Amino acid sequence: MTVLAGTFPIPMNIDFIIAPHEICHSCANPSGPKFYLTNLRGPSAIHRNNSFPNESARELAVSHVTEIESELTQIDEEIVRLQRSLSTLQQRRDTLDRYRTQEQSLFAPIRKLPEDLLQHLFLTCQRTLEEDGYISVSKQSTFVRTITQVCAYWRFVAYHFPLLWTKLRISDCSFYTPVKKATTMAHFIEACVENLSSNAPLSIEFDGAVAGNCPSLLEHCIQAMARCSHRWENIVIENSRLMETLMDYIPTDTSFNSLRTLDLAEMNRSVSFFSAPNLTHFTVGKLRSPALRISLQNAPSLTNLSLHGTFHPLTTLVNFPWTQITHFICRINEDISLILQNMPNLISLELNGHIKITESATLPHLQSLKINSHMEHKNALEVWTAPCLQTLHLEQHFDFATTMLFVGRSRCPLLELTYTHHIPVVEGWKSEELWRVRNLSIRQPRCVVEDLRLLTRNGRHCYSGPIPFDPVLPQLEVLNLHYWDYSANVPIELISMLTSRLPPVGQEGIACLPAQQEFGREMRYLKSVNVLLSWELNNEDAGTLRNFLYSPVIQQPGVEVVIRHGYEGGIFPLE
């Protein structure tokens, strides 16, 4: 090769071959156009200085550039062709992969699920999102959007399953949103109530305080609810304005045949329910005015009543079937003596707040009494008699002697007792009124070791007197202890008590046996024990109790023992 003066050598050597278009089918060799790329083997001397090349070198360089540009053009065209081919192949591959997935889905085990089982799975998943039996509109919309996007079969099952669309919590937060989102929420609520739920009973909670940013949309939802009032089953209305607007759209002669639970948390106007033949639970909250009236003209199934706030129930509730009430929850600051006289069939009674009692009362059918309130004028346990009482829960401090006098005066078969105070060692545990108790819960400020010793089966020697007493609580099966103040020797006494009252290892069943009868009364083993010590045990005591929990007497079937210790916020079980 001749090199001109002032030029640089550009050897035209074949370095590699660009892939050809085709492969020969006979010899398997490349065929078609070949692209040869010139290899520039490093810079020449002219590239290392600033001298300008002469005319011959410039002509040679121009020709080489022209050849290179021609090859680059062909290579670019080939790259475009290959990219198109690659894109076509990729699209083809994605299509085949999608078809393969669709064909393989035919063998998915979930396709074997029948429609009723799939509906049950939907309801089970939905219950995990519920709060107090209701599900917010936002959670409900997200949930159904998720399951309906799985496949066409799931979408069909969901849209044709009315029970999936019957529980809603409508709150003002749904309408304190941008108008577009609020509109979507309103249309979703209307679709659930009027279309997707079909003729299934509705459970709705109105948790709205005000109309939010979109009062017209909220009113639109209320109108839809009013049109379906004949399908109401469980209704909670927590705002007087919503209640007032809702009742404006409901005809006065409407029969609420499906209504079972009605909760009116706040009221600003008088209301009348023409007929609610299946209503069983009725809750009345705060009334804005003592002149308001609530009329129930036909409620033959009503048995549960809850009253909250301050008002006069006997004058406020018009045409009310007081004699039907069997379960009563009272949170009013009024005298309830006359109310109880109008409820002779009462079975369960719960008192909260500042209750006033002025007269004595006999509750002939009362079986459960829970008091979590302060008594004014008179103590209920001093003036009441309940001969059928079986469960007594005292969340406030009551004198134990007064409590036992109430039980003795009533001559009731008390089976369950919850007492929030210290039980006197002498007068308490040996009380004749406690020998039938099978479920005992004690929450007291200090841990008395003598209590645990008296509960121990071999602790009868602690009694005094000429006549031997029966063992303390001989029929006890469930024991819950909550002690607040530290006391020494608790682990040892607790283990001794539990060992004496738990069934022997290998004993079949936990029911009492004839051989266990002493002093003419049957004795029972403990089934369930729950102990909470509101202080942190040291390592030695914690280790002792932990080893006991792994003993054979605890690990046998039918026995459940839980021991926890620690301060509030740091309570943890011994495992």
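Residues numbered from 1 in each chain as written. Predicted model: local features only at pLDDT ≥ 70, side-chain atom pairs only at ≥ 80, totals over all residues. Heavy atoms only, no water.

**Q** I keep staring at unusual backbone geometry and nothing clicks. Help me out?
**A** Most peptide bonds take the trans configuration, and most residues that are not glycine carry a negative phi. Residues other than glycine seldom take positive phi values, yet Ser-198 does so here, at roughly 55 degrees. Among the secondary structure elements, Ser-198 is positioned in the loop between helix 5 (179-196) and strand 6 (202-207). Of note, Arg-411 is a non-glycine position whose phi angle comes to about 55 degrees, a positive value. Examined against the element boundaries, Arg-411 turns out to sit in the loop between helix 11 (400-410) and strand 20 (416-419). (Helix = DSSP H or I, 4+ residues; strand = E, 2+ residues; numbered from the N terminus.)

**Q** Teacher, can you tell me more about the nonpolar core here?
**A** When a protein is soluble and globular, its nonpolar side chains tend to lie buried together. Judged by nonpolar contacts, the single largest core of 131 residues is most densely connected at Phe-282, Phe-328, Ile-336, Leu-349, Leu-369 and Trp-384. Looking at this core element by element, the count peaks at 6 residues for helix 5. In this structure, Phe-282 is in contact with Leu-262, Leu-264, Ile-294, Leu-296, Leu-302, Asn-304, Leu-305, Ser-306, Leu-317 and Phe-320, ignoring residues within four places of it in sequence. (Core = buried A, V, L, I, M, F, W, Y, C linked by side-chain atoms within 4.5 Å. Buried < 20%, exposed > 50% of the residue type's maximum accessible area, 1.4 Å probe, protein only. Contact = heavy atoms within 4.5 Å.)

**Q** What exactly am I supposed to notice about the sheet that holds strand 13 (residues 317-318) here?
**A** Two orientations exist for strands paired in a sheet by backbone hydrogen bonds: parallel and antiparallel. The 3 strands are arranged 9-11-13 in an open sheet whose pairing can be described as parallel. Edge positions in the sheet fall to strand 9 (271-273) and strand 13, since each has one partner strand and no second. Pairing between strand 9 and strand 11 (residues 294-296): 3 bridges, direction parallel. Looking at the pairing, Ser-272 lines up with Ser-295 of strand 11. (Pairing = 2+ DSSP bridges.)

**Q** Can you help me understand the confidence of the model for the chain in this one?
**A** Detailed reading of predicted coordinates is not advised where the pLDDT is low. When pLDDT is averaged along the chain, the result is 78; 79% of the residues meet or exceed 70. When pLDDT is averaged over each element of the chain, strand 19 (residues 391-394) comes out on top at 92 and strand 1 (residues 14-17) at the bottom at 42. Taken together, the stretch residues 459-469 has pLDDT below 50 and engages in 17 contacts with residues farther than four places along the chain or on a different chain. (pLDDT = per-residue confidence, 0-100.)

**Q** I would appreciate a short explanation of the packing of aromatic side chains in the present structure.
**A** Applying the stated criterion to the full structure yields 7 aromatic pairs. With centroids separated by 5.2 Å and ring planes inclined at 85 degrees, the aromatic side chains of Phe-400 and Tyr-419 adopt a geometry described as edge-to-face. Note that Phe-400 is positioned in helix 11 and Tyr-419 in strand 20, a separation of 19 residues in sequence. Each member of the pair, Phe-400 together with Tyr-419, is buried. (Phe/Tyr/Trp six-rings, centres within 6.5 Å; stacked < 30°, edge-to-face > 60°.)

**Q** Can you walk me through the side chain of His-565 in this structure?
**A** Here His-565 lies in strand 24 (residues 560-565). At a separation of 3.1 Å, a polar atom in the side chain of His-565 contacts the main-chain amide nitrogen of Leu-537. (Polar contact = N/O pair within 3.5 Å; in protein donor to acceptor, adjacent residues only side chain to side chain.)

**Q** Is there a simple way to explain the pattern of salt bridges in this structure?
**A** Two side chains that carry opposite charge are able to pair once their charged atoms sit near each other. Considering all chains together, one arrives at 11 salt bridges under this definition. Among the salt bridges present, the one from Glu-233 reaches Arg-260, with a minimum N-O distance of 3.7 Å. In this pair, Glu-233 is assigned in strand 7 (residues 232-237) and Arg-260 in the loop between helix 7 (240-248) and strand 8 (261-267), connecting sequence segments 27 residues apart. Taking relative accessible area as the criterion, Arg-260 reaches 40% and is therefore assigned partly exposed. Between Glu-350 and Arg-331 there is a salt bridge, with its nearest N and O atoms 3.9 Å apart. Separated by 19 residues along the polypeptide, Glu-350 in strand 15 (residues 348-357) and Arg-331 in strand 14 (residues 327-332) bring together distant segments of the chain. Among the residues examined, Glu-350 registers a relative accessible area of 18% and is labelled buried. Sharing partners across several salt bridges, the network here consists of Glu-190, Glu-194 and Arg-227. (Salt bridge = Lys/Arg side-chain N within 4 Å of Asp/Glu carboxyl O.)

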